[in-house]
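Architecture at a glance
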Amino acid sequence: MTQLARVATTDTEVCGSKVPEDTRISLCYAAANRDETVFECPNEVKFDRKVNPHVAFGFSIHNCLGSTHARALMNLLIPSLLEKVGRIQLYEAEENIEELGEFNRKVGFHKLNAQFYPA
Ligand code: HEM
């Protein structure tokens, strides 16, 4: 999931852009997690980031109800991956880019072929 929608309940302004009442707004949490004004080396996977104000599970009243479950799964999955896999070789990647007029948005990959080598 790279974005979620909201509808403005009143005329407002977000980061300098006017948003009239009833306008649909896209919240791109994935982009927020790569904000270089917030994260050092935002495009690097760093499991041990000390200051990590990510919004992968949303925030405030919309915070993900399954986040505790998802975190528990990742706490099992990632150590198991690191124990068993020594190297991941990327062979082919075809990005899925959505063209939205004013900007383009990467929404994942059409194709992603990689090989996992044992540790
Ligand atoms: C890595 C896994 C997951 C990610 C990245 C994720 C991400 C998110 C995000 C960003 C939201 C906020 C949506 C918003 O702002 O409108 C959300 C909401 C929610 N998530 Fe997850 N989620 C994950 C796993 C799960 C699981 C495993 C469950 C259930 C077992 C779950 C149940 C929900 C529910 C019910 C909401 C709505 C909460 C509300 O609006 O009150 N999620 N999730």
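Above this text is the structure in question.
Presented here is a report on the structure given in the accompanying data block.

Turning our eyes to something else, we now look at the overall build of the chain. Of regular secondary structure, the chain possesses two helices and six strands. Order of helices (α) and strands (β) in the chain, N terminus to C terminus: β-β-β-β-α-α-β-β. A globule of 119 residues ought to have a C-alpha radius of gyration of about 14 Å, yet the chain, at 18 Å, is considerably larger. By its C-alpha atoms, the chain is 55 × 30 × 25 Å across when sized along the principal axes. Counting every position in the chain, which comprises 119 residues, the buried fraction comes to 0%. Of the contacts made within the chain by residues no fewer than 6 positions apart, 33% connect residues no fewer than 24 positions apart.

With that settled, consider unusual backbone geometry. For Asp-22, which is not a glycine, the phi torsion comes out positive at approximately 75°. Position of Asp-22 among the secondary structure elements: in the loop between strand E3 (17-19) and strand E4 (24-27). The class for Asp-22 is exposed, based on 10 C-beta atoms found within 10 Å. In this model, Ser-60 sits at a positive phi of 60°, which is unusual for a non-glycine residue. For Ser-60, the location among the structural elements is in the loop between helix H1 (29-32) and helix H2 (67-84). On the neighbour-count criterion, Ser-60 (6 C-beta atoms within 10 Å) is exposed.

Reading guide: rules and limits
- Residues numbered from 1 in each chain as written.
- Predicted model: local features only at pLDDT ≥ 70, side-chain atom pairs only at ≥ 80, totals over all residues.
- Helix = DSSP H or I, 4+ residues; strand = E, 2+ residues; numbered from the N terminus.
- Rg over C-alpha atoms; globule rule 2.2 N^0.38 Å.
- Buried ≥ 20, exposed ≤ 12 C-beta atoms within 10 Å, placed from the backbone.
- Contact = placed C-beta atoms within 7 Å.

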